[in-house]
Amino acid sequence: MNMDQPLLKATKIDKIFPGVVALDKVDFTLKAGEVHALLGENGAGKSTLIKCLTGAYHRDGGDILLNGETISPRDTLDAQGLGIGTVYQEVNLLGNLTVAENMMIGRQPKKWGMVQTKQMNRQTKEILNQYGLDIDVAQLLSTYSVAIQQIIAIARAVDLSGKVLILDEPTASLDAKEVQMLFGVIRKLKQKNIGIIFISHFLDQVFEISDTITVLRNGRLIESVTTVDISSIDLVTMMLGYELGEETKLKEHDGVERETLVEFCNFGHKQLIEPFYLAIGKGEVVGFAGLLGSGRTETAETLFGVTPHDSGSATFKNENINLSSPRAAIANGFGFCPEDRKTDGIIADLSVRENIILALQAQRGWANPLPKSEQDEICKKYIKALDIRPTDAEKPIRLLSGGNQQKVILARWLATNPEFLILDEPTRGIDVGAHAEIIRLIENLCEDGMSLLVISSELDELVAYSHRIIVVRDHEHIAELVGSEITTNNIVEAIAADLNVDNGQYELKGVIS
Amino acid sequence: MMKSRYLPLIATCLIFVLAYALCYWQFPNMLSTRVVGNLLTDNAFLGIAAVGMTFVILSGGIDLSIGSVIAFTGVFIAVVLKETSLHPLVVFGLVLVITAIFGGIMGAIIHYLEMPPFVVTLAGMFLARGIAFVISTDSVPVKHEFYTFLQDSFYRLPGGGRITVIGAAMLVVFFVGIIIAHRTRFGTNVFALGGGIPTSKLMGVPVAKTTIGIYAISGFLAGLAGITFSLYTSAGYSLAAVGVELDAIAAVVIGGALLTGGSGFIAGTLIGVLIMGLIQTYIIFDGTLSSWWTKIVIGILLFAFILMQKGLLLAASAQKK
C-alpha cells in the first residue's frame, strides 16, 4: 500500500434533509495510525458525517474512498464488513449476554451446530488481553462497569472491522481514571495502524489524544489542522464561529435593583446537590453553567420537586412555599422544561395541541376539562407566537423537528403563565435557526417580567442572555459571575479552576437586595 | 455475585424439593415411581407447550395462541382420522407443518409490521380456536389401533411406575430445547432479542429470521402438545385446552425466566411445570381440597417469583453503584 495514500478519504460529502442542508461539501481525510478528532457544536454536522461514513445515512453527494477504493456502505453492518467500526456513547452491547457472547455473537465457533463455549471464551480472552483487560468473559456483560463495557465494545469493533474505528463521545460517562484507561487502549490501537475518529466535547481530552483536528460548523468544514499547531482559544473560536476576544457584551444591569421573586435557603439534597442559597429576581435570567453531570440538572430537579429537597426551605414573594412535588411547584407558578425532551418532555403520540395544554390541564385538575374552543385558542396563540411549524395543532408531536418540539414544550409552560420558568438545555439538538429563535424568546420572556433559570452547555448562549451565571461543579455551586464578569473565558476558568478558589468568592453579591 | 444469574433457577429447584419433601412427609406414597411417571404423563402437553413459550418469553415476546392451537390440533387430527384413511403419523406430520407455519406467520407479522406480539398472538388465538370450531363443534373420539399401540407402550420403572410415550416425548423436547437455547447460535440470538432488538440489529443478529423462527418453534411445539393431548385424551374437542397458554406462562415464570425477556432457562420451565403438577397431585392425594387450590398456590408462587426478580434486579443495580 502506498504510504501516502490516506486510509479513508471523503470528498465533497453532501447530505440534505427536508429544509436543512446538514452537510455541505465536507471533505474529511483519515490516515492510518492517527487519532483524528471531529469537533463542532451541537448541530454542526458531526454525527451526520459519521452516519454517512457508516452507512446509517445515504449521502446525497460526494465520494468515500477506503484504501483508495470507492465505498457506499448500505448500513452499519455493511460498513463493519468493509472495515469501519463504530462505538457509541451508549454502549451498544447486550447486558444480558456474557462478555464472550457479546464479542462473538454471529461468529461463535461451532462444532456440529453447537457453540463451543470454551473455545469462544478462550478466543475472547485472547482478544481482550491485547487491551490489558483480564476479566472473566463468562460473566454477564452487565456485571462490569461502563468503562470496561466501552473497551469491550471497542475490542469488538476493531476485531470485526480492523481499519477505521469511530468513537462517538466514548468518554461522556467515564471518570478521569477510566478515561486514561480508554486512552491507553486508543494508543495501542494507533500502533496497530488503525485510523481512529474521535468525537468528544471535552477539549482537554481532544488535545491529549488526537493528532489531527477537524472542525465542522453548520454543516461546513471549517478547518483541518494538526493538533500541535493550534491553541485552545483558536480551536474554540473555530467551533463557535466568533472571536472570543471580541466579547464586549458587558451587562449594564449591575445597578438594577430587582425585587426578589423566589428565594431558596440552604436548599439541597443529600446525594444530588450540596445545599445552596439562590435568590432570583423578577425578570432576571440566571444561567447555570457546568459540565455534564456536575449538578446542574440536579439543581433544577430539586427546585421543581422532581427529587424533593431534603434540606432548606423556599420562599416565593416572601412567603414560605412547599416544593415537595412537581404538582406543588406548578401550583406555585413554576414551570420546568426538562433536559431530555424525548423521554421527559413530549408525549410523542399525542398531538401538538394535547402536548401544549397538558400542564395547564394538570393545573386545573382533571375534573375541570379545558373546553375545546379554549384549547384551540391557546394553541393558535402559541403556534403563532413561537412560530411552531407545521402549524397544524392536531399533528402528532413526534412528526415535528427537534426545535419545534422544544417550542411546543415551551408553549406548554407558557400557557400556564408561570412566574418562574426553569429551562434545562433548551437548545440541545435543534438546528441553528430554531436555536436563535429560542434565545430571542428567552430574552423576550425576561423583558416581560418572567424569571428564568436556564441551564446550558453552550456557554456563548448563556453569556448572551444571562444576568447572572452560577457555575456548578461536583454537585456544588462553586462560583457566581455577575455583569461584566460574564464571559465565556471566566466561565471556563471557573469550571476548570483548581479547588484553591478562595471560598470567599462564593459570597452572594450584587443583585440580591 | 455471578450466581445471581442462576438464583431464580436455584430457587425454583429448592421450592420443588421442599414441596416434594412436604408431600412425602404427609403422604409417604407420593415418593414412588408411579407418582413420578404420572407427573410426567399428566403434564406432558403443558410441558411441551411451555418449552415453546420459554423461547418466546426469552426473546421478550409472548404467545397467547398456544391453547387454541392445541385444541385445533386435536380436532384436526380426530376429524382427519375419522374422515380419511391416512395413517396417524402422516396426520401428525401434516398438523405439525401447519402449526409451525401458523406460528411463523405470526412471527413474520410481529417483525415486519412491528406489531406487539401480544396483539398478534391474541388474533392467532381467536383464529385457531375459531377454525377448530368450524371443523367440528362436537368432541370427536379417536379410535385407531396406532393410538392404542402408542398409549399402551411404556417403559416400566422399578416400583411399577410408567414412563409413557408422551411423558418421554416431553423429556426429549426439554432436552432438545435446552441444547437449542443454550448451545446454538440461534439460542444466543433469542437471548439477544430479549436484551434489546435495536441493539441486536446493530450487532448483526438476524432479527427477522430469529423472530420468525421463535414463533414457528412455539407453533410447532403447540402442535406437538396438541398431538400429545390428543393421545392423552383420545379425542379432539374445540373447547379443550382453554387457558393453557397462561399455565405455560406461569410455568416459565416460576421456572425463573424474566418476563421482560433476555434471561431464563429451559430447564427451569421443566421444574416449573413439575411444581404445578405436584400441587395438583397433592390435592388428589388429599382428596378433600378443591382443585381450585392449585390456582391459588400457583398465584402465590407467581407473586413470590415476581417479587424475587424485582429484588434481584434492585440488588444487581445497587451492587454496580
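Just so it is clear, the structure is predicted and the values come from calculations on it, not from any experiment.

1. Things to note about the overall build of chain B
On a plain count of helices and strands, chain B comes out with 14 helices and 4 strands. Here the C-alpha atoms of chain B give a radius of gyration of 20 Å, agreeing with the 20 Å that 2.2 N^0.38 yields for 321 residues. The principal-axis extent of the C-alpha atoms belonging to chain B is close to 65 × 55 × 30 Å. For chain B, buried positions account for 53% of its 321 residues. Contacts in chain B between residues at least 24 apart in sequence constitute 78% of all its contacts with a sequence separation of at least 6.

2. Focus: the overall build of chain A
For chain A, the count of helices and strands is 17 helices and 22 strands. Classification of the 513 residues of chain A by burial places 52% in the buried group. The long-range share in chain A, meaning contacts at least 24 apart out of those at least 6 apart in sequence, stands at 66%. Just so you have it, chain A exposes about 22600 Å², and 50% of that area is on carbon and sulfur atoms.

3. Re unusual backbone geometry
All names here are of chain A. We note that N67 has phi near 55 degrees; this positive angle belongs to a residue other than glycine. Along the polypeptide, N67 turns up in the loop between strand 4 (61-66) and strand 5 (69-70). Among the residues examined, N67 registers a relative accessible area of 25% and is labelled partly exposed. Even without a glycine there, the phi angle at N266 is positive, about 55 degrees. With respect to the secondary-structure elements, N266 resides in strand 13 (residues 260-269).

4. What to know about the sheet that holds strand 18 (residues 334-337) of chain A
Residue and element names in this part refer to chain A. With mixed pairing, the 6 strands of this open sheet are ordered in space as 18-19-20-15-21-22. The sheet is open, and its two borders are formed by strand 18 and strand 22 (476-482), each paired with just one other strand. Strand after strand, the sheet turns through a mean of 20 degrees between neighbouring axes, direction not considered. Pairing of strand 21 (residues 468-473) with strand 22 involves 6 bridges; the strand directions are antiparallel. Across the sheet, the residue bridging to V471 is A479, located in strand 22. Contacts from helix 14 (residues 402-414) reach strand 18 and strand 19 (420-424) within the one sheet, and its direction differs from that of strand 18 by about 170 degrees.

5. A short note on the interface of chain B and chain A
Reports often express the size of an interface as the amount of accessible area lost when the parts come together. Taken together, the contact between chain B and chain A spans 23 residues of the former and 28 residues of the latter. Taken over both partners, the interface formed by chain B and chain A buries close to 2100 Å², and the fraction arising from carbon and sulfur atoms is 60%. When the area that chain B buries against chain A is broken down by residue, the three leading residues are R185, L202 and M203 of chain B, summing to 35%. Counting the contacts that link chain B with chain A gives 7 residue pairs in polar contact (both at pLDDT 80 or more). Listing elements by their share of the side of chain B that touches chain A, those giving two or more residues are helix 8 (165-183), helix 9 (185-195) and helix 10 (197-202) of chain B. Looking at which element gives the most residues to the side of chain B that touches chain A, the answer is helix 9 of chain B, with 7 residues. Class assignment of the residues belonging to the side of chain B that touches chain A gives a composition of 8 nonpolar, 10 polar and 5 charged.

6. Some words on a nonpolar patch on the surface
Residue and element names in this part refer to chain B. Taken together, the side chains of V97, I101, I105, I109, Y112, L113, M115, F118 and V119 make up a nonpolar region of the molecular surface, amounting to roughly 860 Å² of accessible area. At the level of elements, helix 5 (88-112) and helix 6 (117-135) are the ones that each hand at least two residues to the nonpolar patch. Tallying contributions element by element places helix 5 first for the nonpolar patch, with 5 residues. Relative to the helices and strands, I105 resides in helix 5. Overall, the relative accessible area of 48% leaves I105 in the partly exposed class.

7. Quick notes on the pattern of salt bridges
All names here are of chain A. Taken as a whole, this structure holds 15 salt bridges over all chains when the rule is applied. A salt bridge links R107 to D159; the nearest nitrogen and oxygen atoms lie 3.0 Å apart. Taken together, the residues span a long stretch of sequence, with R107 in the loop between helix 3 (99-104) and strand 7 (110-111) and D159 in helix 5 (residues 146-160) at a distance of 52 residues. On the accessibility criterion, R107 (27% relative accessible area) is partly exposed. We classify D159 as partly exposed; its relative accessible area is 36%. A salt bridge links D349 to R398; its shortest N-O distance comes to 2.7 Å. With D349 in the loop between helix 11 (341-345) and helix 12 (352-364) and R398 in the loop between helix 13 (372-385) and helix 14, the pair connects residues that are 49 residues apart, well separated along the chain. In this structure D349 comes out as exposed when scored by relative accessible area, which is 58%. Here the salt bridges share partners, and the residues they tie into one network are E284, R468 and E480.

8. Concerning the domain arrangement of chain A
Residues and elements named next belong to chain A. Domain assignment breaks chain A into domain 1 (8-96 + 140-241), domain 2 (243-333 + 418-513) and domain 3 (346-417). In this complex, domain 2 contributes 16 residues to the contact, which on the side of domain 3 involves 13 residues. When the two sides are added together, the surface that domain 2 and domain 3 hide from each other amounts to roughly 1200 Å², 73% of it contributed by carbon and sulfur. By the criterion of area lost to domain 3, the three top residues of domain 2 are I330, P418 and L441, representing 38% of everything that side buries. Summed over the shared surface of domain 2 and domain 3, the result is 0 salt bridges. When contributions to the side of domain 2 that touches domain 3 are tallied by element, the ones reaching two or more residues are helix 10 (326-331), strand 19 and helix 15 (432-447). Top element by residues in the side of domain 2 that touches domain 3 is helix 15. It accounts for 5 residues. Grouping the amino acids of the side of domain 2 that touches domain 3 by side-chain chemistry returns 12 nonpolar, no polar and 4 charged.

9. A short note on empty space enclosed by the protein
Counted according to the given criterion, the structure contains 2 cavities of 30 Å³ or more. In this model, the largest cavity occupies a volume close to 240 Å³. Taken together, 18 residues line the largest cavity, and the ones lying closest to its centre are Q80, T86, Y88 and R156 of chain A together with L202 of chain B. Grouping the constituent residues of the lining of the largest cavity by class yields 11 nonpolar, 6 polar and 1 charged.

10. A short note on the side chain of T184 of chain B
Within the secondary structure layout, T184 of chain B lies in the loop between helix 8 and helix 9. One polar contact links the side chain of T184 of chain B to the main-chain amide nitrogen of G187 of chain B, over a distance of 3.0 Å. In contact with T184 of chain B, other than residues within four places in its own chain, are G113 and V115 of chain A together with I179 of chain B.

11. Quick word on the packing of helix 5 of chain B against helix 11 (residues 207-233) of chain B
Residues and elements named next belong to chain B. The contact between helix 5 and helix 11 brings their axes to 7 Å, and the two run at 145 degrees. Where helix 5 crosses over helix 11, the two elements pack in a sense that is right-handed. Between helix 5, through F92, V95, L96, T99, A100, G103, G104, G107, A108, I110, H111 and Y112, and helix 11, the contact on the second element is made entirely by V207, A208, T211, I212, Y215, A216, G219, F220, G223, L224 and I227. When grouped by side-chain class, the residues that make up the contact of helix 5 with helix 11 number 15 nonpolar, 8 polar and no charged.

12. Description of the sheet that holds strand 12 (residues 220-226) of chain A
Residue and element names in this part refer to chain A. Across the sheet, 6 strands lie side by side as 6-9-10-3-11-12; this open sheet has mixed pairing. A strand with exactly one partner marks an edge of an open sheet, and here the two such strands are strand 6 (84-87) and strand 12. Neighbour to neighbour, the strand axes of the sheet diverge by 20 degrees on average, direction disregarded. Its contacts with the sheet place helix 5 against strand 6 and strand 9 (164-168), and it is angled at close to 170 degrees to strand 6.

13. A closer look at the state of the cysteines
Residues and elements named next belong to chain B. Inspection of every chain in the model, using the stated rule, returns 0 disulfides over all chains. Just so you know, C13 is unpaired, no disulfide at all, and the nearest cysteine sulfur is the one on C23, 16 Å from it. What makes C13 partly exposed here is its relative accessible area of 32%.

Definitions and limits used
In this numbering scheme, every chain counts its residues from 1 along its sequence in written order. The naming scheme follows written order: chains are lettered A onward, ligands numbered 1 onward. Note on the predicted model: pLDDT of at least 70 is required for a residue's local features to be given, and 80 or more for side-chain atom pairs to be given and counted; whole-chain, interface and lining totals, by contrast, use all residues. The side-chain quantities take in all heavy atoms of the structure and omit both hydrogens and water. Helix and strand assignments come from DSSP, with helices taken as H or I runs of at least 4 residues and strands as E runs of at least 2, each series counted from the N terminus. The size measure is the radius of gyration over C-alpha atoms, and the globule rule it meets is 2.2 Å times the number of residues to the 0.38 power. Burial classes: relative accessible area under 20% of the type maximum marks a residue as buried, over 50% as exposed, and values in between as partly exposed (1.4 Å probe, protein chains only). Should any heavy atoms of two residues lie within 4.5 Å, those residues are counted as being in contact. Note on areas: Shrake-Rupley, 1.4 Å probe, and residue coverage restricted to the protein chains presented here. Two strands qualify as a pair provided DSSP detects at least 2 bridges between them. For helices, the fitted axis covers only the stretch in contact; all axes are lines through C-alpha atoms, and the angles between them, taken along N-to-C directions, range from 0 to 180 degrees. Accessible area that two parts lose when put together, evaluated with a 1.4 Å probe and summed over both, is termed the buried area. Here a polar contact means two N or O atoms within 3.5 Å. Within protein one must be a hydrogen donor candidate and the other an acceptor candidate, and residues neighboring in sequence count only if both atoms are side-chain atoms. Under the grouping applied here, Gly and all other residues not named as nonpolar or charged are polar, the nonpolar ones being Ala, Val, Leu, Ile, Met, Phe, Trp, Tyr, Cys and Pro and the charged ones Asp, Glu, Lys and Arg. Only residues whose relative accessible area exceeds 30% and that form no salt bridge enter a patch; like-charged residues are grouped when within 9 Å of one another, and nonpolar side chains (Val, Leu, Ile, Met, Phe, Trp, Tyr) when within 5 Å. A pair is scored as a salt bridge if a Lys or Arg side-chain nitrogen falls within 4 Å of a carboxyl oxygen belonging to Asp or Glu. An automatic or database domain assignment supplies the residue ranges for each domain. Cavity: a set of points on a 1 Å grid over the protein atoms alone where a 1.4 Å probe fits but cannot get out. Pocket: an open set with protein on both sides within 12 Å along at least five of seven lines, its lining residues, like those of a cavity, having an atom within 4 Å of a point. Grid points are joined across faces, edges and corners, and a volume is the space filled by probe spheres set on the points. Put simply, a crossing is left-handed when the front helix is turned counterclockwise from the back one by less than a right angle, and right-handed when it is turned clockwise. The term disulfide is used for any two cysteine sulfur atoms that are within 2.5 Å.

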